[in-house]
Amino acid sequence: MMLIRQPRFLSPSPAATPGESRLRRPLDASRIFSSPRPPGRRPRPRLAPAPAPASTDLRRLTARIVDLTRRRQLAQIMEEVEAARRRARWRGGGALNIIVMNAVLEACVCCGDVDRALRLFEDMRGPRGCGVDDVSYGIFLKGLGIARRIDEAFEVLESIEKATIGSPRLSPHLICGFLNALIEAGDMRRANALVARFRKVFYEDHSVLLYNLLMKGYIRSNFPLGALTVKDEILRQGLKPDRLTYNTIISACVKSADINKATQFLEDMKEEANRDNNPALLPDAVTYTTILKGLGNSRDLYSVLKIVVEMKSSVLSLDRTAYTAMIDALLACGCIDGALCIFGEIMKQAGDNKDLRPKPHLYLSIMRAFASKGDFEMVNRLNKRMWPDTVGSISRAAKEEAHELLMEAAVNSNQLDLARGLLRRIVNEKECFSWTSRVGLVAVKVESLSGFTNSLLRPHVFPQILLNDPVEKYMIPFQESRPLPSDLILRKAVMRFMEDRAVPLVDDWGGCVGIVHRDDCNKVSCLQSVLAR
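Residues numbered from 1 in each chain as written. Predicted model: local features only at pLDDT ≥ 70, side-chain atom pairs only at ≥ 80, totals over all residues. Heavy atoms only, no water.

1. Describing the pattern of salt bridges
Piece 1. Enumeration over the complete set of coordinates arrives at 19 salt bridges.
Piece 2. When the shortest N-O distance is used, the salt bridge between Glu-106 and Lys-142 registers 2.8 Å. Of this pair, Glu-106 sits in helix 4 (residues 98-110) while Lys-142 sits in helix 6 (residues 134-146), placing them 36 residues apart in sequence.
Piece 3. A salt bridge links Asp-389 to Arg-385, with the nearest nitrogen and oxygen atoms 2.8 Å apart. Here the residue Asp-389 and the residue Arg-385 both occupy positions in helix 20 (residues 376-389), the gap between them amounting to four residues, near one helical turn.
Piece 4. The class for Asp-389 is buried, based on a relative accessible area of 16%.
Piece 5. According to the relative accessible area criterion, Arg-385 is partly exposed, its value standing at 41%.
Piece 6. Several salt bridges converge on common partners, so that one network encompasses Asp-67, Arg-70 and Arg-71. (Salt bridge = Lys/Arg side-chain N within 4 Å of Asp/Glu carboxyl O. Helix = DSSP H or I, 4+ residues; strand = E, 2+ residues; numbered from the N terminus. Buried < 20%, exposed > 50% of the residue type's maximum accessible area, 1.4 Å probe, protein only.)

2. Some thoughts on the pairing of strand 2 (residues 502-506)
Piece 1. The element strand 2 is largely enclosed, with a buried count of four among its five residues.
Piece 2. Of the pairings in the sheet, the one linking strand 1 (residues 484-485) to strand 2 comprises two bridges and is parallel in character. The partner of Pro-485 across the bridge, within strand 2, is Val-506. (Pairing = 2+ DSSP bridges.)

3. Thoughts on the UniProt feature "repeat: PPR" (unreviewed entry) in the chain
Piece 1. The UniProt record marks residues 207-241 and 242-272 with the feature "repeat: PPR" (unreviewed entry), using the residue numbering of this structure.
Piece 2. The annotated region residues 207-241 carries 66% helix and 0% strand content, and the separation between its end C-alpha atoms amounts to 9 Å.
Piece 3. For residues 242-272, the helix share is 87%, the strand share is 0%, and the end-to-end C-alpha distance is 10 Å. (UniProt positions renumbered as here; feature names shortened; annotations may be inferred.)

4. Considering helix 14 (residues 259-275)
Piece 1. In a regular helix each residue adds 1.5 Å, so 17 residues correspond to 24 Å; helix 14 covers 24 Å between its end C-alpha atoms and thus fits that length.
Piece 2. Where helix 14 is buried, its residues contact helix 12 (226-236), helix 13 (243-255), helix 15 (285-297) and helix 16 (301-313). (Expected span 1.5 Å × (residues − 1). Contact = heavy atoms within 4.5 Å.)

5. Here we look at the packing of helix 5 (residues 114-125) against helix 6
Piece 1. Packing of helix 5 against helix 6 brings their axes to within 10 Å, and their N-to-C directions diverge by 150 degrees. Here helix 5 lies roughly antiparallel to helix 6, going by the angle between them. In this structure, the crossing between helix 5 and helix 6 has a hand that is left-handed. In this structure, helix 5 contributes Val-114, Leu-118, Phe-121, Met-124 and Arg-125 to the contact, and helix 6 contributes Ser-136, Tyr-137, Phe-140, Gly-143, Leu-144 and Ile-146.
Piece 2. In terms of residue class, the contact of helix 5 with helix 6 is made up of eight nonpolar, two polar and one charged. (Axes fitted to C-alpha atoms, helices over the stretch in contact; angles between N-to-C directions. Parallel < 35°, antiparallel > 145°, perpendicular 65-115°, else oblique. Left-handed = near helix turned anticlockwise from the far one by under 90°. Nonpolar A, V, L, I, M, F, W, Y, C, P; charged D, E, K, R; others polar.)

In C-alpha cells:
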C-alpha cells in the first residue's frame with residue numbers, strides 16, 4: 001500500500017486534543033512581521049489627535065481677519081466669522097471674544113461700511129455680546145468721524161466722560177482715532193474744537209502725538225505753515241519734538257514752497273540730536289526725500305547734490321523710494337547725467353537686492369527728460385527695457401504715456417514721418433484726449449507741421465469759412481469787444497455779463513490779461529481775482 005505524506009499545515013498540533021479540528025487557524029501576517037511583545041506588557045491604545053484649543057482657533061481667525069482687511073474683502077470676513085460662531089455654538093461655547101470682534105469692527109470701518117460697524121458695535125454691547133473695551137470705543141468713534149456723524153461722536157465722548165455708558169476711561173488714544181478722522185476729512189475747525197474740549201485729557205499723556213496729528217491736519221489744509229504754531233505750543237508745554245514732529249514740519253515748509261525754513265529745520269534736527277546724543281532724532285529716509293522734493297521744485301542743484309552726498313555717506317539704508325527721490329530731484333534741476341549715474345547704481349544693486357528694482361514711474365521720469373531733448377534712441381531704449389526691468393504691474397496710463405513720449409521725442413528730433421506713425425497708433429488706441437494735455441500739445445505740433453492735406457485728425461472746416469480769407473473777416477477788433485479794466489469791482493460790471501458770456505480784461509497799459517466768463521463770477525470781488533480763480 002502506498003502512503004501519502006500529509007502537508008505540515010494539515011498535521012495535528014502537538015497540543016491539540018482529540019475533539020479539536022485537525023486544521024490550524026489561518027496565519028496572521030501581522031503576527032509574523034510584528035516585533036514580539038514583551039511578556040506582561042499591554043498594548044498601547046491608539047489615541048485620536050486632540051482637537052486644537054479654542055484659543056488657537058481664535059488667534060488664527062484674528063490673523064485671517066487682519067489679512068482680509070488689507071485686501072478689503074469684507075464679505076469674506078463676515079462669512080468666516082459666521083462660520084466660527086456656528087462652530088462655537090456646536091462646541092457649547094459662547095460668543096467670540098472681544099479681540100476677534102474688535103478686528104471685525106476695524107475691518108468694517110476700513111472697508112467703508114460704517115453702518116455695519118455701528119450695528120456690530122451695538123451687538124457687542126448687547127446682553128449676548130462679548131462686551132466692549134477702550135479699543136472698541138476708539139474704533140467706534142473713528143467710524144463716526146469717517147461717516148461725518150460728528151454730533152453723535154461728541155455725544156458718545158460726553159457719555160463716556162460722565163460714565164453713563166460702559167466702563168472705558170477717557171484717554172488720548174481713545175480720542176485720537178476720532179481726531180485723525182476729522183483731520184483726514186480736512187475739518188480743522190472741529191478738530192481744534194475737539195482738542196479744546198478735551199484739552200485736560202490730552203495733557204495727561206505728556207506726548208507729542210496730539211500735536212503731530214494737528215500738524216498733519218494743517219498740511220492737509222490750505223494753511224500748511226500753521227504747523228509752525230503747533231511746534232511753538234509743543235515747546236511751551238515743555239515737550240521735546242521727536243523725529244515725526246520734525247518730518248511733519250519740514251513737509252509743511254516744502255508744501256508752502258518755503259525751502260529755506262525746511263533746510264533750517266533739518267539743521268536744527270541734526271544739531272539737537274547731536275547735542276542730546278539722541279540717535280532716534282537723526283534724519284531718516286523720509287526726512288531726506290521730503291527735502292529733496294522741495295529742492296527739486298526750487299531748482300537748487302547745488303543743495304540737491306549736497307543732500308545726495310549726505311544720504312550716501314550716512315548710515316541710512318537707502319531703499320527704492322530714496323533713490324527715486326534723488327533721481328526726480330536731479331531731473332527737476334536739469335541734471336540728466338547725475339540722474340543716470342544714480343539710475344545705474346540702482347540697476348547694479350538690483351541684481352543682488354530685488355527690492356531695489358525700479359517702478360515704471362522712474363523710467364517714465366527719465367523718458368520725459370530725454371523726450372524734451374529729442375533723444376529718440378534713448379527714449380526708445382528705455383521704453384523697451386521698462387517691461388522686463390521694472391517691478392509691479394504697468395498700468396494702461398503708463399503704457400499710453402510711453403507711446404506719447406516716443407512721439408514727442410520723434411517730433412523734437414525732426415522725425416516727422418515717425419511721429420505721424422506714432423500719432424496714428426495713439427489715435428487708433430485712444431477714444432479721446434485733451435488738447436491741453438501733453439499728448440494734445442504734441443499732436444497739435446504734428447498737425448501744424450503736417451498741414452491740412454496730411455492731417456490724421458481730419459479737422460472739420462466750416463463751409464462758410466475760406467482758409468485764404470483774412471482773419472479780420474471773421475473776428476472783430478479787440479477794442480470793439482469793449483474790454484474792462486482788471487481792477488474793476490464785479491458789482492459795477494454785473495450788467496455787462498447779462499449781455500455777454502465772456503468779457504476780456506486789460507491792465508493799466510491796455511494789454512489783455514485774460515478773459516472772464518460769466519460762470520466764474522460767483523463772488524463779489526475784483527475781476528482780476530475772478531480771473532485768478
